[in-house]
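What follows is each chain in one-letter form.
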Amino acid sequence: MRGFVFIRLVAVFAVLIAGLIGVGLGLSIAVTGNIANEENQKPLNPALPTRIFDASGELITEFSADERRELITLAELPQHLILALLTREDPDFYKHRGFSLRAIARAFVGVITGQSLGGGSTITQQIAGTLYCDRTEQTLTRKIKELWWALQMERRYTKNEILEIYLNYIIMGPGAYGVEAASKYFFGHSARDLSLAEAAVLVVQLSSPTKNNPIHNPTEAMTRQKAVLDKMVDLGYATREEADASFQEYWDSFDYTRIGISAYYSREDKAPWFSEYVRRELGNLMYGEMDYYRDGYSVETTLDLRFQQLAESEMAQGIAEANAKYQSSSGFGTARAERVYVPLANMLTLVFNIEDLYAAIEHQDETKAVNKYNRQLNPTVDMLSLVFDIPGIKPATAKGYQQLKSVTEESVVEGALVVLENDTGHIKAIVGGSQYSETNQLIRATQARIMPGSAFKPLYYSAAIDSREFTMSTLIYDSPVLFYAANGEPYVPNNYQGTWRGPVLLYEALGLSLNIPALKVLDGIGFDAAIDRAALLLGITDMEEKIRTFPRVYPMGLGIIAVSPLSMARAFAVFANQGRALTPYAIKTVENREGKILIDYAQDVQRDLDEMGSSIQLITPQNAYIMTRLLSKVIEMGTLASGTGYGAKLNVKDDKGIVYRIPAGGKTGTSQNWSDAWTVGFTPYYTIAIWFGFDKGGNSLGMNVSGASLAGPIWGNLMKEYNQGLPRRDFPRPSGIVDATVCRSSGLLRNAACPPGISLSFLAGTAPTEYCDQHGVSFDSLPPGLQNLRVPGGTSPSSYRMPNIPPELQAVLDRNLSSPDTEPELPEWDPLSD
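Residues numbered from 1 in each chain as written. Predicted model: local features only at pLDDT ≥ 70, side-chain atom pairs only at ≥ 80, totals over all residues. Heavy atoms only, no water.

A. Quick peek at the overall build of the protein chain. A tally of regular secondary structure across the protein chain gives 24 helices and 23 strands. In the protein chain, 71% of the contacts between residues at least 6 apart in sequence involve partners at least 24 apart. Total accessible area on the protein chain is roughly 39,700 Å²; 55% of this is exposed by carbon and sulfur atoms. (Helix = DSSP H or I, 4+ residues; strand = E, 2+ residues; numbered from the N terminus. Contact = heavy atoms within 4.5 Å. Areas by Shrake-Rupley, 256 points an atom, 1.4 Å probe, with all protein chains shown as cover.)

Listed below in structure tokens is the structure:
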């Protein structure tokens, strides 16, 4: 019964839609009139560049509107390409007259049921909409206009002519229009030579040239391609053997290391790394056939060009310095080995006829020769192959480039940086690596997954503070210790330089980046609490990703995980943002050529944050405040002190021109084997994450290179520049926080005999309540009511060390403290007896 009612409802809706279409067609005919001159059927929207602006309205770059297009006739194309297109887009193309009622009904049912049942536009409607309408307009009016023009095209052209126009005009890849340009872009050859599998890859680009791009999203492209091939088999357009063989051949030879060419590299670009990030984000935000190469959009971004230029300058110097140090250290070792040990090995092979050693030396010589060819000769050979048109050499030079790329990834130091505005999540600057180029497009600031080393520790220290078992003054012993994993396997950690400091307070342990105390903190709160807090701060919500990211082993506590610099910046920005969530983003709005806002991403982000309600508070304001205090100690006395010139770089002018020290906090990190160097930190305004290391693990930056020595000074330099001229600002202090002056040795309340103490912040109820028991008590500094205290023998010594006091004496002392002017009456007690 319900099914019958549903069918009747669908029928009623179909009749209504048909009626609306009829009315719309009638109105369109009345308005448009008779098209007497068929030559008026031509593109109405000329190609215009998309312009990218920074936050102040300054032009960053333009994505060129030049279209890569090469015309090709239908007769030149392989039959299986035509069949793949019809299979994917319009199986009834040769049967209908420009539109399909069945497709329209299917699309309508999909809309009202919320299912993806396919589009309702035929091939003719798609090309008509592309030529004569704005396909970004999601309205019934646009659909009616599109249908009208489709009918006119069907009257004007034959089916094959429409198909040829479609295959030469429609966008099928980044800046690639038509199958010929797309085929050369994706496969490096003409569409005339497309295989069955390649044809399937091309036709899936039609629905989303970004999402289905096999270079950027090979898994998605593979899934869609397989669906097309399966349907072709079902329709009898190919055999199962042909489809499977072509599919297997395509993916067996697929180059997963290839990075897609984006806009043209000759364009003027003031911030190429940021522009490339924006270009990729546009691909994710745009829908339908929105094309940022020719549709003339204006994109307002969050970038501050001054920030970006300062960041690029500092990072270029840092990368150059890191490579110079690496080459110097590694070159010295290699030269010494070749000078001393290689001749000795050669002699041993001759004297004792050691064939294995001889083979190893020969292999080493061969490797050196191959590396020299790849670096010095291969580019010349490649150029000559192009000049003299010798295509047979190309595979060899391509292999040489690939080998060189692999060596480069292992032996060239790269770097990345990202700057966030704490209040808004605006990305103010991005540096994705060294020089941005056609061969260097990996945006390491957002795409790389890197071990953060000790920079990771604050994420679970935050959970430790909330446990109330740990405070800034908790005393922890830094000494060799043996930890046991869940499977009973022992783990013996070490500190950065193999030394131990004995008893330290928690703020010192974090500031000095001591590993043993950090793992004791991890052990104290447990893996669940640590992982949950780290995932929350990093923005990891997917359970599978959470499991992959955080192995439940003790090295996790030393940052043996993989995260991006952007994720680390976001986590630290939460501390500076009073514990509230923020969403990093780069694009504010996208306007069309008429000035109409099509995408307001800033508004979308704010709406999503508002809808979070109370859950926007990822951690309490009190926890966030304690973390800012903890991380400020890293700058005052820890590993980030030298990077900030011992605080001098944080002396900035406020908006009134008065110099003050802006509050700041941060953490350095150096991963195992000194392979990655980090600094992540914040002021009340901005958070910066900086990384240096290799694209492929295995090599070491050198024992003298660390996050503190390499990334720290750059962080300090940029923070000094970025925070100039801003109103004075501190990290807001919420209620529920208490301060106490504690002994630097014991972490307990300082007594009069302690050396100068330190003021630390605590969650209410967690501050120490006992006085230091490591230093003597001065009688002269006691309240007046206790200064008359006598010990056996008569006089009051100026200083006397008081061990454990019996309960009966403690009661008297408590009464005397409440009435200091009263002469005390003390029981007989010999403090030396205990």
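B. Expanded view of the sheet that holds strand β17 (residues 665-670). As summarised here, the arrangement of the five strands in space is β8-β7-β19-β18-β17, forming an open sheet in which the pairing is antiparallel. On the outer flanks of this sheet lie β8 (427-431) and β17, each paired with one strand and no other. Between one strand axis and the next, the sheet turns through 5° on average, direction left out of account. (Pairing = 2+ DSSP bridges. Axes fitted to C-alpha atoms, helices over the stretch in contact; angles between N-to-C directions.)

C. Structural detail: the pattern of salt bridges. Considering all chains together, one arrives at 26 salt bridges under this definition. Across the salt bridge formed by Arg88 and Glu89, the nearest N and O atoms sit 3.6 Å from each other. Since its relative accessible area comes to 17%, Glu89 is described here as buried. Among the ionic pairs, Lys159 bridges to Glu154, the shortest N-O distance being 3.0 Å. Grouping residues by exposure puts Lys159 and Glu154 together as buried. Here the residues in one salt-bridge network are Glu76, Glu180, Lys184 and Arg192, joined through shared partners. (Salt bridge = Lys/Arg side-chain N within 4 Å of Asp/Glu carboxyl O. Buried < 20%, exposed > 50% of the residue type's maximum accessible area, 1.4 Å probe, protein only.)

D. Representation of the environment of Ser275 within the structure. You can see Ser275 is positioned in helix α11 (residues 272-285). In this structure Ser275 comes out as buried when scored by relative accessible area, which is 0%. Sequence separation between Ser275 and Glu62 is 213 residues; the distance between their C-alpha atoms is 9.2 Å.

E. Geometry of the packing of helix α2 (residues 79-89) against helix α9 (residues 218-235). Two numbers describe how α2 lies on α9: the axes approach to 10 Å, and their chain directions differ by 100°. In terms of orientation, α2 lies roughly perpendicular with respect to α9. Mapping the contact onto sequence places His80, Leu83, Ala84, Thr87 and Arg88 in α2 and Arg224, Val228, Lys231, Met232 and Leu235 in α9. Classifying every residue of the contact of α2 with α9 by side-chain character gives five nonpolar, two polar and three charged. (Parallel < 35°, antiparallel > 145°, perpendicular 65-115°, else oblique. Nonpolar A, V, L, I, M, F, W, Y, C, P; charged D, E, K, R; others polar.)

F. View of the sheet that holds strand β2 (residues 59-63). Overall, mixed pairing links the five strands, which are arranged β2-β1-β6-β13-β14 in an open sheet. Edge strands, defined here as strands with exactly one partner in the open sheet, are β2 and β14 (597-600). Going from strand to strand, the sheet's axes swing by 15° on average, the running direction of each strand aside. With respect to the sheet, α11 is in contact with β1 (50-53), β2, β6 (298-301), β13 (587-591) and β14, its orientation differing from that of β2 by roughly 55°. Seen against the sheet, helix α21 (residues 601-611) touches β13 and β14 and runs at an angle of roughly 35° to β14.

G. Expanded view of the state of the cysteines. For the structure shown, the criterion picks out zero disulfides. No disulfide involves Cys743; its sulfur sits 3.7 Å from that of Cys772, the nearest cysteine. Look at Cys743 and you get buried, because its relative accessible area is 1%. As a non-bridged cysteine, Cys754 has Cys772 as the owner of its nearest cysteine sulfur, 3.6 Å distant. On the accessibility criterion, Cys754 (5% relative accessible area) is buried. (Disulfide = S-S within 2.5 Å.)

H. A look at unusual backbone geometry. Within the chain, Arg468 stands out as a residue other than glycine whose phi angle is a positive 65°. Summarising the element assignment, Arg468 is placed in the loop between α15 (457-467) and β9 (475-478). Located in the positive-phi region is Gln578, a residue other than glycine, with phi close to 60°.

I. Examining the packing of aromatic side chains more closely. Evaluated as defined, the whole model comprises 25 aromatic pairs. When the ring of Tyr686 is compared with that of Tyr722, the centres are 6.3 Å apart and the planes differ by 70°; the resulting orientation is edge-to-face. With Tyr686 in strand β19 (residues 686-693) and Tyr722 in helix α23 (residues 707-722), the pair connects residues that are 36 residues apart, well separated along the chain. Taken individually, Tyr686 and Tyr722 each receive the classification buried, so the pair is uniform in this respect. (Phe/Tyr/Trp six-rings, centres within 6.5 Å; stacked < 30°, edge-to-face > 60°.)

J. Representation of the environment of Lys231. If you trace the backbone, Lys231 turns up in helix α9. Sequence separation between Lys231 and Arg88 is 143 residues; the distance between their C-alpha atoms is 8.3 Å. In this structure Lys231 touches Thr87 and Pro91, once residues within four positions along its chain are discounted.

K. Representation of the nonpolar core within the structure. With 141 residues, the main nonpolar core has Leu282, Leu417, Phe550 and Phe692 as its most contacted residues. The biggest single contributor to this core is helix α20 (residues 565-576), with nine residues. Contacts of Leu282, omitting those with residues within four sequence positions, involve Ile52, Phe63, Tyr292, Val299, Ile587 and Val590. (Core = buried A, V, L, I, M, F, W, Y, C linked by side-chain atoms within 4.5 Å.)

L. Region of interest: the packing of α15 against α20. Running from N to C, α15 and α20 point in directions that differ by 40°, and their axes come no closer than 10 Å. Classified by the interaxial angle, the pair formed by α15 and α20 is oblique. Crossing handedness for the pair α15 and α20: left-handed. From α15, Pro458, Leu459 and Ser462 reach across to α20, where they touch Ala571, Phe572 and Phe575. (Left-handed = near helix turned anticlockwise from the far one by under 90°.)

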